[in-house]
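Secondary and tertiary structure notes
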Amino acid sequence: MMCEMIKGRIASDRLWSLQRQGQIGTIAPIDGQEATTVGSTWALDPAVDWVIPQYRESLALGRFGPDVLDRFAAWALGHPEGGHLPDPIRVFPPQISLATQILHAVGLAWSLKLRGIAGAVLVFFGDGSSSEGDFYEAGNLAGVLEVPVIFLCSNNGWAISTPTSRQTAAASFAAKAEAFGIPGVTVDGMDPIAVHEVVSAARDRAVTGKGATLIEAVNYRLNAHTTADDPTRYVPAGELEAAKERDPLVTFRRQLEARGLWDRDRQADAERAGAAAIDNAWNWATALPLEQTALFDHVFAAPTQRQRRQRTDLAAYLGVER
Amino acid sequence: MMCEMIKGRIASDRLWSLQRQGQIGTIAPIDGQEATTVGSTWALDPAVDWVIPQYRESLALGRFGPDVLDRFAAWALGHPEGGHLPDPIRVFPPQISLATQILHAVGLAWSLKLRGIAGAVLVFFGDGSSSEGDFYEAGNLAGVLEVPVIFLCSNNGWAISTPTSRQTAAASFAAKAEAFGIPGVTVDGMDPIAVHEVVSAARDRAVTGKGATLIEAVNYRLNAHTTADDPTRYVPAGELEAAKERDPLVTFRRQLEARGLWDRDRQADAERAGAAAIDNAWNWATALPLEQTALFDHVFAAPTQRQRRQRTDLAAYLGVER
Amino acid sequence: MSPEPARSTNPASTADPTMTMVSAINDTLRAEMARDERVMVFGEDVALSGGVFRATEGLLEQFGEDRVVDMPLAEAAILGAAAGLAAGGMVPVPEIQFLGFSYQAMHQLAGQIARFRYRTWGRFEMPITIRTPFGGGVRTPELHSDSLEGQLTNIAGLKVVTPATAADAKGLLTEAIRDPDPVVFLEPLRGYRGVKGPVPRGEYRVPFGKARWATAGNDVTIIAWSYQVEVALRAARSLAEQGVEAGVLDLRTLVPLDVEQIVEAVERTGRVVVVEEAVPTGGFAAEIIATINEHAFWSLEAPPVRVSGYDTPYPVGQLEDTYVPDARRIEHAVLALLEVQP
Amino acid sequence: MSPEPARSTNPASTADPTMTMVSAINDTLRAEMARDERVMVFGEDVALSGGVFRATEGLLEQFGEDRVVDMPLAEAAILGAAAGLAAGGMVPVPEIQFLGFSYQAMHQLAGQIARFRYRTWGRFEMPITIRTPFGGGVRTPELHSDSLEGQLTNIAGLKVVTPATAADAKGLLTEAIRDPDPVVFLEPLRGYRGVKGPVPRGEYRVPFGKARWATAGNDVTIIAWSYQVEVALRAARSLAEQGVEAGVLDLRTLVPLDVEQIVEAVERTGRVVVVEEAVPTGGFAAEIIATINEHAFWSLEAPPVRVSGYDTPYPVGQLEDTYVPDARRIEHAVLALLEVQP
Ligand SMILES: Cc1ncc(C[n+]2csc(CCOP(=O)(O)OP(=O)(O)O)c2C)c(N)n1
Ligand SMILES: Cc1ncc(C[n+]2csc(CCOP(=O)(O)OP(=O)(O)O)c2C)c(N)n1
Ligand SMILES: [Mg+2]
Ligand SMILES: [Mg+2]
């Protein structure tokens, strides 16, 4: 897990600087949410379980294979292949329309139940997304249908500039499980072991037909919301510094070192591997070809006559083969 | 309260038979929900408080004056004046797009708070409507803003043919208050006194700046969902009979009689008054004039040029004055 | 009320059983569920009660509670779950109880379902058929009668299907359920029992994008869809008595659109009336007129005309009959159009 | 980039301060809030951070947390609360962070706000101005760039306002906030900083329904709105170099629509190109063409042409420049149109 957490941070930093160089568009860094993302996905079985991320997690979903990062690089580059995670990778692309993915997760989990597949669906969403009607409708539906879904609220304290105190007056995000008749748990989202534990337990419930669980993983956004954001405008002085004390890359490393499971060499190797991973992803993604007429691909299984005409006209206008 | 409850039932029965005679469209009867509607509104001050109904309550909102029933009759007749409750009556027309009214209530309550008006907003919605995202977004927003709103879930056991067991797995509808950080109370919705008590308490909280309350009033739909519905297709045998034991018009009457506050004369008077009320409403509503070109009134404060042209064309086509 | 077989391209013959549109829909759902066990029906009140219009009656008994499901009252949940089910390999046939309530789920319909294949660049297809009643004339409360084709057709990635006959309800619904892409299947409230006609036995599919001549005629072309085809036929019959041969082209599907037959009709008749129940501004009739301008402008002998609702919300019952186009208004428009001299 | 004052009807003179569109919006919000204490600004990230585009910067400091409010992340709550606030006598100016997320609130926008006056038959007015950015060209993720005018204009009861200049951003926003009816105020993403121009000092109102000649020309009329007016002006300049006098008509508001000036333009030039960034099928350009057919058919010397996006969802960054109309495509369409011989 440590290696993947390091990879996530390094990949995030790399994309950040690529954005600064104007090579990609806006990007949401993962700083502070590595333990939540990695600890939870390490509790899953990629052969049967699914992950539906929001938009930060894809940087650290190595549990499901290296393609996830490759595709995320393509996504950041605005290449349509970035949204395509090849079968059988059980991972959805990043979701921008917040909280909609939580309902997709319930439907997907429902299909597993109907088809008798002993898997679970883990869906990530932020503290902010929990305010959308879709989150509540999803939780309520999962309670009624008793489907194998794990709702993971990655509470990083902020929704862009909106603090959790403006997001809800509930005792906690986990407390919202009361509204659905499912268990709700709060866990230290900076501790991958703790996250791994609660998600494993939730997965056991899920695959044994006991239904859904809501998990609130309390972490902190150690960086800006995105490359377009300036947190100094709104984050109270000192809050970030205090949170940095809990940086999972520091604390988990200390834990492992204390138990003799980690050292400077391992750290160096992990950092090299992380750099290599994002290098490969970047190289793969930048090498992807793209015809502009591909614009019409994959809207429907087969284009309508009107789309075919538009494509022909476009090809003629661009002076390319259709 | 007893008189208003009787009026509600009589008005409901009358409209039911008028629908059967083909004089009005589909109508939703109030049978079984009189105590919830009357008990709660009797706890309000019509001079400062507001009521936002779903679509059953308008039959028994006499607390806010006789016009409410008159307008409801016009509404049932499909006359546009049916949606207009004249200022200063603090009542909204029936709401068809379920749960949307719960957010309107939060906004309205917010305006009272901002304007320093010591009133509260009581909003009715059904057990079914509580599954809509709008309900949760409203509860969550009210928790954050601490506005003077009372959410009254009129739980009559059914949403058309869907029982509450298919609606949610939560311990109760009141339990959903946990998700909002506001108090949640369950009350016997067949007992007007009990309802009056909890709503009075909620109103006190509201007007003293303590914020919102969620109340679940457990009653039962003693009739079909609407004139278009056939409950025998889905209501389990015996359920209705059992519920009839709790009919508020019977039980509350017994209570009052036991305390010597009610007798057959009073009952007869109340029934006469109720019949007179719906007679008056019906006569008023059926006498309302309507020009077909009124179609264009009240879309905007002033019609657009395009609407004016359409209106002129229509008038010419109909051969009437515009 | 269905077009005289002779003048119609509807392959149903009088030998076929006569059915209402709602029973044709019910039969088709039954047949498709029997044929493909991935097909699921869910929505508000579709199982226990068989649907508020009885369109799903008997399905629960036949296919069980795993495949015929009463959902909590939440449209976004119904369509959002449909997307997840589709990604999981099922073939969802959700019902939105009335089209007006699809607004509650527009972020899932327009923002997700319509784009799922595109945003996953082909990985996940959405073989979803959203059945939903719409259209006026039956004195419903607010938002039960609104016609939203103008909005739905502007959402790339959705197919919009609008049967006008019982036979097409079967043929197009069969096609919709088997189509690998999301289809909004619009069922006219007035048509459920108001439209009756012969329905072919056994498997019957009507391809998308092929309009149908409900009745032929060379003087003028009336373009319509869904229940307004019935209304247009009434107008055509009355016009015929006055010696005017009006053809009624039933579009059947708005996306994909049968541009060929529209163009052929304009070239042949030169005069077109487009009928819709919706708000005219930004409505689908405007799209048809723009399409005609693009492909058959020089054949126009007079400006194409719209017979629509008006630029107001769908009104209350006492104003409804003025709002919704009727045969007299269509006839009136046709006669005025024939007056126009180039 | 703003039209040469000489050829423009924009009353702003070069003596006026030059501003970006976003600062003109910010100033206007400030002025209207100062003028009328019922005016409230709320939405996601509008207060503490001053908005993701800084459009509401400084308002919190000046007007306090009762009138400038960061809301929970829920669009339906933002617009549903706006309806209640309006019923309670406030003048809400909610922001939807990106137009694509208005889908989350479509049931409140189309189903409630647009009809509130109508369903209460005049009792409750909805003086709500919904500010929201839209439009392409800036490499945003999904649903940040979609143009939904075709859908919004089909919703009776909404006014749809689309400023193209900094001056109009001020004049139309002032008008919108003071208008007693709901207005969807569409702000072009590319225009926030990409559009600069003189902005009249002091109170400045631009009436709805009056289009503006961004540049005059008698050979052909290019009809556009919002940022595409800038693009059309680029095309017009390049056409001018080739001796083609293209007029660019900036509609300013889509509802209400300035039919008079559109008709006058068609009568004068006989040739029209309508530009939109949206999906063409069911888009607003189709409405303009239908309107031209209704009111100026006989003046057309060639079929009106659309330059639009395509019938696909708004694409990812690497395909965006092909999707969104640019000056070259408009120029290309104009030249082709001029080839057409009646
Ligand atoms: C439906 C919707 N509304 C608004 C936005 C704009 N937006 C993008 S990220 C964001 C904040 C999300 O906060 P949270 O859910 O806590 O996730 P985080 O960014 O903190 O990981 C907002 C408002 C959006 N993408 N989707
Ligand atoms: C948004 C929306 N979805 C669906 C419907 C159709 N519908 C009308 S009443 C109803 C059931 C409402 O149940 P509940 O909220 O419990 O109120 P009750 O009728 O039991 O009083 C449904 C599904 C609607 N009117 N609005
Ligand atoms: Mg967050
Ligand atoms: Mg109920």
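Scroll up to find the structure this text is about.
Quick summary incoming for the structure in this document.

How each quantity is defined
In this convention, every chain numbers its residues from 1, walking through the sequence in written order. Written order determines the labels here, with chains lettered from A and ligands numbered from 1. In keeping with the model being predicted, local features are shown solely for residues with a pLDDT of at least 70 and side-chain atom pairs are shown and tallied solely at 80 or more, while totals for entire chains, interfaces and linings include all residues. Each side-chain value is derived from all of the structure's non-hydrogen atoms; neither hydrogens nor water enter the calculation. Only strands that DSSP links by at least two bridges are regarded as paired with each other. A helix here means a DSSP run of H or I that spans at least four residues, while a strand means a run of E at least two residues long, and both kinds are numbered starting from the N terminus. A fitted line through C-alpha atoms represents every axis, and for helices the fit uses only the stretch in contact; the resulting angles, taken between N-to-C directions, go from 0 to 180 degrees. Any N, O or S atom lying within 2.8 Å of the metal counts as a donor, with the limit raised to 3.2 Å for Na, K and Ca; because water is left out of the atom set, some sites can appear incomplete. Counted as salt bridges are all cases of a side-chain nitrogen of Lys or Arg within 4 Å of a carboxyl oxygen of Asp or Glu. Residues are labelled near a given molecule or strand when at least one of their non-hydrogen atoms is within 4 Å of it. By the criterion applied in these results, polar contacts are pairs of N or O atoms within 3.5 Å in which, for protein atoms, one can donate a hydrogen and the other can accept it, and in which residues neighboring in sequence qualify only through two side-chain atoms. In short, Shrake-Rupley with a 1.4 Å probe defines the accessible areas, and a residue's cover is counted only from the protein chains shown. Nonpolar residues are Ala, Val, Leu, Ile, Met, Phe, Trp, Tyr, Cys and Pro. Charged residues are Asp, Glu, Lys and Arg, and all others, Gly as well, are polar. Only heavy atoms matter for contacts: two residues are in contact if any of them lie within 4.5 Å across the pair. Defined here as a combined quantity, buried area equals the accessible surface (1.4 Å probe) lost by two parts on assembly, summed across both. For this classification, under 35 degrees means roughly parallel, over 145 means roughly antiparallel, 65 to 115 means roughly perpendicular, and everything else is oblique. Left-handed describes a crossing whose near helix is turned anticlockwise from the far helix by less than a right angle; the clockwise case is right-handed. Whether a residue is buried, partly exposed or exposed follows from its accessible area with a 1.4 Å probe, protein chains only, as a fraction of its type maximum: under 20%, in between, or over 50%, in that order. The copies are overlaid by a least-squares fit using only the C-alpha atoms of residues whose pLDDT is at least 70 in both copies.

A few words on the sheet that holds strand E13 (residues 272-275) of chain C. Residue and element names in this part refer to chain C. Sheet architecture is open: five strands sit in the order E9-E11-E10-E13-E14, paired in mixed fashion. A strand with exactly one partner marks an edge of an open sheet, and here the two such strands are strand E9 (212-215) and strand E14 (305-307). Strand-to-strand twist across the sheet, computed as the mean angle between neighbouring axes with direction ignored, equals 30 degrees. By the bridge criterion, five bridges tie strand E10 (residues 220-224) to strand E11 (residues 246-250) in an arrangement that is parallel. Directly across from Ile222, in E11, lies its bridge partner Val248.

Bringing the coordination of the magnesium ion (ligand 3) into the picture now. Ligation of the magnesium ion (ligand 3) by protein atoms is provided by Asp127 of chain A (OD), Asn156 of chain A (OD1) and Trp158 of chain A (O), these donors lying 2.1 Å from the ion. Motif for the magnesium ion (ligand 3), donor spacing along one chain: D-x28-N-x1-W.

Right, let's talk about the pattern of salt bridges for a bit. In this structure the tally under the stated criterion is 76 salt bridges over all chains. Here the residues in one salt-bridge network are Arg117, Glu125, Lys159, Asp179 and Asp181 of chain C, joined through shared partners.

For the rest of this paragraph, the subject is the site of ligand 1. In the vicinity of ligand 1 lie 21 residues, with Tyr55, Arg56, Ile96 and Trp158 of chain A together with Glu75 of chain D positioned nearest. Ligand 1 sits at the junction of chains A and D, each of which supplies nearby residues. The contact in question runs from an oxygen atom of ligand 1 to an N or O atom on the side chain of Arg56 of chain A, over 2.8 Å. Measuring from an oxygen atom of ligand 1, one finds a side-chain N or O atom of Asp127 of chain A at 3.0 Å. When isolated, ligand 1 has an accessible area of 580 Å², and the protein chains bury 96% of it. Along the lines of polarity and charge, the residues of the shell around ligand 1 split into eight nonpolar, eight polar and five charged.

Chain C puts 38 residues into the contact, and the matching count from chain B is 35 residues. Roughly 3200 Å² of surface becomes buried between chain C and chain B when both sides are summed, with 54% attributable to carbon and sulfur atoms. When the buried area of chain C at its contact with chain B is split by residue, Leu73, Gln318 and Leu319 of chain C rank highest and sum to 21% of it. One salt bridge connects Glu57 of chain C with Arg233 of chain B, and the closest N-O pair in it is separated by 3.0 Å. Our count for the contact surface shared by chain C and chain B stands at 17 residue pairs in polar contact (both at pLDDT 80 or more). Put simply, the parts of the chain that give the side of chain C that touches chain B at least two residues each are strand E3 (68-70), helix H12 (317-323) and helix H13 (327-339) of chain C. Of all the elements, H12 of chain C adds the most residues to the side of chain C that touches chain B, at five residues. Classifying every residue of the side of chain C that touches chain B by side-chain character gives 17 nonpolar, 10 polar and 11 charged.

Our next topic: the interface of chain D and chain C. Every contact between the two is made by 51 residues of chain D and, on the other side, 51 residues of chain C. Here chain D and chain C share an interface that buries about 4200 Å² over both sides, 59% of which is from carbon and sulfur atoms. Joining chain D to chain C, the criterion identifies eight salt bridges. For Glu142 of chain C, the salt bridge goes to Arg119 of chain D, with nearest N and O atoms at 2.9 Å. Where chain D touches chain C, the interface holds 17 residue pairs in polar contact (both at pLDDT 80 or more). Of all the secondary-structure elements, those providing two or more residues to the side of chain D that touches chain C are helix H4 (106-109), helix H5 (116-119), helix H6 (149-152) and helix H11 (284-296) of chain D. Looking at the side of chain D that touches chain C element by element, the count peaks at eight residues for H11 of chain D. Partitioned by chemical class, the residues of the side of chain D that touches chain C number 27 nonpolar, 15 polar and nine charged.

Here we take up the packing of helix H9 (residues 228-241) of chain D against helix H13 (residues 327-339) of chain D. Helix-helix packing is described using two parameters, namely the angle between the two axes and the distance between the axes. All names here are of chain D. Direction vectors running N to C along H9 and H13 enclose 55 degrees, while the axes themselves pass 8 Å from each other. As far as their axial angle goes, H13 and H9 are oblique. In the packing of H9 onto H13, the handedness of the crossing is right-handed. For the pair formed by H9 and H13, the contact residues are Gln228, Val231, Ala232, Arg234, Ala235, Ser238 and Leu239 on the first element and Ala327, Ile330, Glu331, Val334 and Leu335 on the second.

Bringing the site of ligand 2 into the picture now. Close to ligand 2 lie 21 residues; Tyr55, Arg56, Ile96 and Trp158 of chain B together with Glu75 of chain C are nearest. Gln54 of chain B places a side-chain nitrogen or oxygen 3.1 Å from an oxygen atom of ligand 2. Here Ile96 of chain B contributes a backbone N or O atom positioned 2.8 Å from a nitrogen atom of ligand 2. Within the complex, 96% of the 580 Å² of free accessible area of ligand 2 lies under protein.

What follows is about the coordination of the magnesium ion (ligand 4). Residues and elements named next belong to chain B. Only Asp127 (OD), Asn156 (OD1) and Trp158 (O) from the protein coordinate the magnesium ion (ligand 4), and they sit 2.1 Å from it. Look at where the donors of the magnesium ion (ligand 4) fall in the sequence and you get D-x28-N-x1-W. Of the two residues, Asp127 sits in the loop between strand E2 (121-126) and helix H5 (133-145) while Asn156 sits in the loop between strand E3 (149-155) and strand E4 (158-159), which places them 29 residues apart along the sequence. Take Asp127 and Asn156: they sit in the same class, and that class is buried.

Our next topic: the relation of the copies chain D and chain C. For the match of chain D to chain C, the screw axis carries a shift of 0.0 Å, the RMSD comes to 0.0 Å, and the turn is 180 degrees. Here the transformation between the copies is reduced to the relation of a two-fold axis. Considering only C-alpha atoms, the residue of chain D closest to the rotation axis is Gln151 of chain D, which sits at 2.3 Å. Taken together, the interface assignments show that 100% of the residues at the interface of chain D recur at the interface of chain C, consistent with an identical surface on both copies.

Moving on: unusual backbone geometry. Residue and element names in this part refer to chain A. The amide bond that connects Asp87 to the next residue, Pro88, takes the cis arrangement and shows omega of 0 degrees. Among the secondary structure elements, Pro88 is positioned in the loop between helix H3 (67-76) and helix H4 (100-115). The phi dihedral of His298 is positive, around 65 degrees, even though this residue is not glycine. You can see His298 is positioned in the loop between helix H10 (264-286) and helix H11 (305-318). By relative accessible area, which is 27% here, His298 ends up partly exposed.

A word on the pairing of strand E2 (residues 39-43) of chain D. Residues and elements named next belong to chain D. Counting buried positions along E2 yields five of five residues, so the element is predominantly enclosed. Residues of E2 alternate between two faces, with Val39, Val41 and Gly43 on one and Met40 and Phe42 on the opposite face, all of them buried. Relative to strand E4 (residues 91-95), E2 is paired through five bridges, and the arrangement is parallel. Directly across from Phe42, in E4, lies its bridge partner Pro94. Relative to strand E3 (residues 68-70), E2 is paired through three bridges, and the arrangement is parallel. Looking across to E3, one finds that Gly43 is bridged to Asp70.

As far as function goes, none of this settles anything; it's purely spatial.
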